Amino acid sequence: RRALLATAAFSVAGSMLAGAAMAQDKIVIRMSTPATATDQRSVALEEAFGPAVSEFAEYQPNYNATMFKQGTELEAIARGNLEMSITSAQELATIFPEFSIFTAGYLHRDAEHQVKVFNADFMEPMKKKVEEELGVKLLSVVYLGRRHVNLKPEKKISTPADLAGIQLRMPGTEAWLFLGSALGADPVPLAFTEVYTALQTGAIDGQDNPLPTVKDSKFYEVTSQIVLTSHLVDLNYIAFSKELWDSLTPEQQEAVQKGADAAADLGRQRQLELEEELVAFMREQGLEVYEPDIEAFRTHVQKAYLESEFAKDWPEGMIDKINAIE
Ligand code: KDO
């Protein structure tokens, strides 16, 4: 962790906005994500962010991790090789351990709670640290949705014990893998872009993602069931180069901020609507969709987190503050 941080801090100072090339006198804002172009976060950014900055900047999204591999985007921004990404608390936690608080299962209650937490006073020092030490500005919080367990085997899952021995793909960071084991499964690290094939060939038994992702990336074609665990009300942050931000005029900064907020609002609305519709869609595709014993999962997962090494890095009293937000 320290080594990465040191490299990142050094690169921020050393990069001369190399990435912010100008196209037709416009700043180029390259965004890299493993998400598809049809994912609601991608669509919302194209519809709301791109136009909001179009007077002075050209928004250039890159999807399916074709520009940077999943999990390497923050470092790319820090080094001045990228201007923007859709990052996760799990990725931030690899550099700033306190962000692991937002990776804990059954913490955020819903999309609205996420936004209130992101805008709360206690988030300010955390955002500031990311800006100052990594050169990344977290503009807005994007709703990814309720993650559920999506399996290929037909075995009925009621409690965490039923997931024993299940090879559950998780994204490749420590915080994600911990969540997989807290659920009772055997976590297997794998990049998002590899998941479909791994399910198809049986290299993994399952994966976890919100329903809109299961539809968008067609995981329903290669799985038999969705266990509605709702184990993580998942979020992403719109991450922006602090160096580029500092080079903008106040009006341009306002446009960037407003565009990010508008994209986050639009994406959140659409994702919530999709989540409502998609249980029926999955059943039409022949998948079993059912709720397990949620209390059994919640108790098991929360206990695992509170007893974990991660909890030692959480700011004092923050869990209570998060829970106290109405
Ligand atoms: C995934 O790899 O399962 C995940 O859902 C993790 C998220 O944090 C996010 O990176 C997302 O993938 C990508 O944006 C692809 O949808």
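In the block above lies the structure referred to throughout.
A quick note: this is a predicted structure, and the numbers were derived from the prediction, not measured.

Calculation rules
- Residues numbered from 1 in each chain as written.
- Predicted model: local features only at pLDDT ≥ 70, side-chain atom pairs only at ≥ 80, totals over all residues.
- Heavy atoms only, no water.
- Phe/Tyr/Trp six-rings, centres within 6.5 Å; stacked < 30°, edge-to-face > 60°.
- Helix = DSSP H or I, 4+ residues; strand = E, 2+ residues; numbered from the N terminus.
- Buried < 20%, exposed > 50% of the residue type's maximum accessible area, 1.4 Å probe, protein only.
- Lys NZ or Arg CZ within 6 Å of the ring centre and 35° of its normal.
- Salt bridge = Lys/Arg side-chain N within 4 Å of Asp/Glu carboxyl O.
- Arc of directions from axis to C-beta.
- Contact = heavy atoms within 4.5 Å.
- Polar contact = N/O pair within 3.5 Å; in protein donor to acceptor, adjacent residues only side chain to side chain.
- Axes fitted to C-alpha atoms, helices over the stretch in contact; angles between N-to-C directions.
- Parallel < 35°, antiparallel > 145°, perpendicular 65-115°, else oblique.
- Left-handed = near helix turned anticlockwise from the far one by under 90°.
- Nonpolar A, V, L, I, M, F, W, Y, C, P; charged D, E, K, R; others polar.

Inspection of every chain in the model, using the stated rule, returns 9 aromatic pairs. For the ring pair phenylalanine 178 and phenylalanine 310, a centre distance of 5.1 Å and an interplane angle of 75° mean the geometry is edge-to-face. Of the two residues, phenylalanine 178 sits in helix α7 (residues 174-182) while phenylalanine 310 sits in the loop between α12 (294-306) and α13 (318-324), which places them 132 residues apart along the sequence. When its relative accessible area of 22% is taken as the criterion, phenylalanine 178 is described as partly exposed. Three or more aromatic residues link up through ring pairs in this structure, and these residues are Phe99, Phe102, Phe118 and Tyr237. The residue whose ring lies beneath lysine 156 is tyrosine 290, and the NZ or CZ to ring-centre distance is 4.7 Å.

Attention now goes to the pattern of salt bridges. By the definition in use, this model includes 17 salt bridges. Sharing partners across several salt bridges, the network here consists of Arg147, Asp208 and Asp234.

In this section: helix α5 (residues 111-119). Structural remark: α-helix, 3.6 residues per turn; residues separated by three or four positions point the same way. Listed as buried for α5 are Ala111, His113, Gln114, Val117 and Phe118. One side of α5 holds all its buried residues, which, seen down the axis, span an arc of 160°. Opposite the packed face of α5, turned more than 90 degrees from it, sit the exposed residues Glu112 and Asn119. On its buried face, α5 sits against α6 (124-134), β5 (136-151), β9 (225-241), α11 (250-284) and α13. For α5, the N-terminal cap is aspartate 110; the gap from its side-chain oxygen to the backbone nitrogen of glutamate 112 is 3.3 Å.

A few words on unusual backbone geometry. Even without glycine at this site, alanine 65 takes up a positive phi of about 55°. With respect to the helices and strands, alanine 65 occurs in the loop between β3 (57-62) and α3 (73-78). For alanine 65, a relative accessible area of 18% corresponds to the buried category.

What follows concerns the packing of α7 against α12. Remark: α7 packs on α12, axes separated minimally by 9 Å, with the N-to-C direction vectors making an angle of 135°. Of the possible angle classes, the one that applies to α7 and α12 is oblique. Taken as a pair, α7 and α12 cross one another with a handedness that is right-handed. Contacts between α7 and α12 involve Ala175, Phe178, Leu179, Ser181 and Ala182 from the former and His300, Val301, Ala304 and Tyr305 from the latter. Partitioned by chemical class, the residues of the contact of α7 with α12 number 7 nonpolar, 2 polar and no charged.

Turning our attention to the side chain of glutamate 98. Relative to the assigned elements, glutamate 98 resides in the loop between α4 (89-93) and α5. Its relative accessible area of 12% is what places glutamate 98 among the buried residues. At 2.8 Å, the side chain of glutamate 98 and the side chain of lysine 129 are in polar contact. Those residues in contact with glutamate 98 that sit more than four places away from it in its chain are Met126, Lys129, Asp313, Trp314 and Pro315.

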